[in-house]
Amino acid sequence: MVSLETRIGKLKLKNPVMAASGTFGTEYGELIDINKLGAYIAKTITLNARIGNPPPRVCETPSGMLNSIGLENGGLDDFIKNKIPGLKKLKIPLIVSIAGDDAGEFKRLARGLSKVKKISALEVNLSCPNVKHGKRNFLIAQDEEATYEIIEAVRASTALTIIAKLSPNVTDIKKIAKAAEKAGADALSLINTFVGMAVDIDTKGPILGNVTGGLSGPAIKPVALCMVRETYKSTRIPVIGIGGIMDYKDAVEFMLCGASAVQMGTANFVDPSASIGIIDGIKKYMTKNKIEEIRGLIGALKT
Ligand SMILES: Cc1cc2nc3c(=O)[nH]c(=O)nc-3n(C[C@H](O)[C@H](O)[C@H](O)COP(=O)(O)O)c2cc1C
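Treat the numbers as computed from the prediction; the structure is a model and nothing was measured.

Peer 1: Looking at this structure, how should I read the side chain of Thr158?
Peer 2: Here Thr158 lies in the loop between helix 3 (144–155) and strand 9 (161–165). Thr158 sits in the buried class, given a relative accessible area of 8%. Only 2.7 Å separates the side chain of Thr158 from the side chain of Ser114, close enough to count as a polar contact. When near neighbours in sequence (up to four residues on either side) are disregarded, Thr158 contacts Ala110, Ser114 and Leu122.

Structure, rendered in structure tokens:
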């Protein structure tokens, strides 16, 4: 018997597979059994409601997609009042993704969500490329000091497991990962999307209403694998691998590079049951290769 159980901070997951924030709503429950996943990650919320970016907000690119949703959401109070009752019905751990303009907003989000019993962890989204972050003209996860400041503020405001979600739009991912670890993050998830754009040669304009968007899907997987490996080698906390995972083979690649768990985003738009197939595939791979526990896979890359 193989065990797919994995640990992310205080969180014990029955398997390492999750759908990435913003790509998988509870309406997927009409198509698949969400309770088969390791955990459920909600779409990023902010303190106050946001209307998001102008349309079009998504477009297809070679081996990937661009999105510029812009964190559209109803804000913290709306989330607790209108979304939590439905999410409470889930039988798996609930991870809530949060974003803010400054440490004060992150603190208020962390404090407010810590009072909600069903929530097991916060994924701190330091890396959404589609929004302006207050007075800053860079992403939090592009700066070591800003990363440290925000994670430290969240750490001081919650006892929940903290997952810092990092950006690939950086020169050295190790420096940012170490800053998040030092500030008290229990785990790191990476990668969020790459800033990109698409052009319509007939209109001679950008295809996305926001001009730029975030690139995701198979196109980003090789870079994501490399960043996961670098992060795994330079920190001591669990790493969650994200970026172009479409099937179980991709997921196993990330685990060999050091991921304790994986998330898939774009795959959910191609096949809503992709995550379930990935759980089954990992199990079969482990059985075939006589690997009894997930930790036999994590970081087992032969170099
Ligand atoms: C339509 C769309 C919406 C997204 N919304 C969020 C979000 O709200 N919060 C977040 O942290 N990441 C968001 N992401 C990024 C994904 O969670 C993930 O990090 C990224 O897509 C890379 O994974 P993938 O290649 O498997 O899609 C979004 C991605 C897409 C495609």
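Peer 1: Where do I start with unusual backbone geometry in this structure?
Peer 2: If a residue is not glycine, its phi is most likely negative; likewise, a peptide bond is most likely trans. Of note, the bond from Pro55 into Pro56 is cis; its omega dihedral lies within 30 degrees of zero at -10°. The topology assignment puts Pro56 in the loop between strand 4 (40–41) and strand 5 (58–61). With an omega of 20°, the peptide bond running from Leu190 to Ile191 counts as cis. The residue Ile191 is located in the loop between strand 10 (187–190) and strand 11 (194–197) in this model. Phi is positive for Ser63, close to 55°, though the residue is something other than glycine. For Ser63, the location among the structural elements is in the loop between strand 5 and strand 6 (64–67). Located in the positive-phi region is Lys204, a residue other than glycine, with phi close to 60°. For Lys204, the location among the structural elements is in the loop between strand 12 (199–200) and strand 13 (205–206).

Peer 1: What am I meant to see in the sheet that holds strand 3 (residues 17–19) here?
Peer 2: Two pairing modes exist for strands in a sheet, parallel and antiparallel, and in both the strands are linked by backbone hydrogen bonds. With parallel pairing, 8 strands are arranged side by side in an open sheet as 3-16-15-10-9-8-7-4. Each edge of the open sheet is held by one strand with a lone partner, namely strand 3 and strand 4. Here strand 8 (residues 119–125) runs beside strand 9; their pairing, made up of 5 bridges, is parallel. Each residue of the ladder has a partner; that of Leu122, found in strand 9, is Ile162. Across the sheet, helix 5 (residues 221–234) touches strand 10, strand 15 (239–242) and strand 16 (259–264), and the angle it forms with strand 15 is around 175°. Contacting strand 3 and strand 16, helix 8 (residues 274–288) runs over the sheet at an angle of about 170° to strand 3.

Reading the values: the criteria
The residue numbering used here restarts from 1 in each chain and proceeds along that chain's sequence as written. Residue-level local features of this predicted model are given only where pLDDT is at least 70; pairs of side-chain atoms are given and counted only at 80 or more, and the full residue set underlies all totals for whole chains, interfaces and linings. Computation of side-chain values: all heavy atoms of the structure, hydrogens and water removed. What counts as a helix is a DSSP run of H or I of at least four residues, what counts as a strand is a run of E of at least two, and both are numbered from the N terminus. Note on classification: 1.4 Å probe, protein chains only; a residue is buried when its accessible area is under 20% of the maximum for its type, exposed when over 50%, partly exposed between these limits. Think of a polar contact as two N or O atoms within 3.5 Å of one another; within protein, one of them needs to be a possible hydrogen donor and the other a possible acceptor, and neighboring residues in sequence only count if both atoms come from side chains. By definition, residues are in contact when any of their heavy atoms lie within 4.5 Å. A strand pair is defined by DSSP finding two or more bridges across the two strands. Fitted lines through C-alpha atoms serve as axes, helices being fitted only where they are in contact, and the angles separating the N-to-C directions of these axes extend from 0 to 180 degrees.

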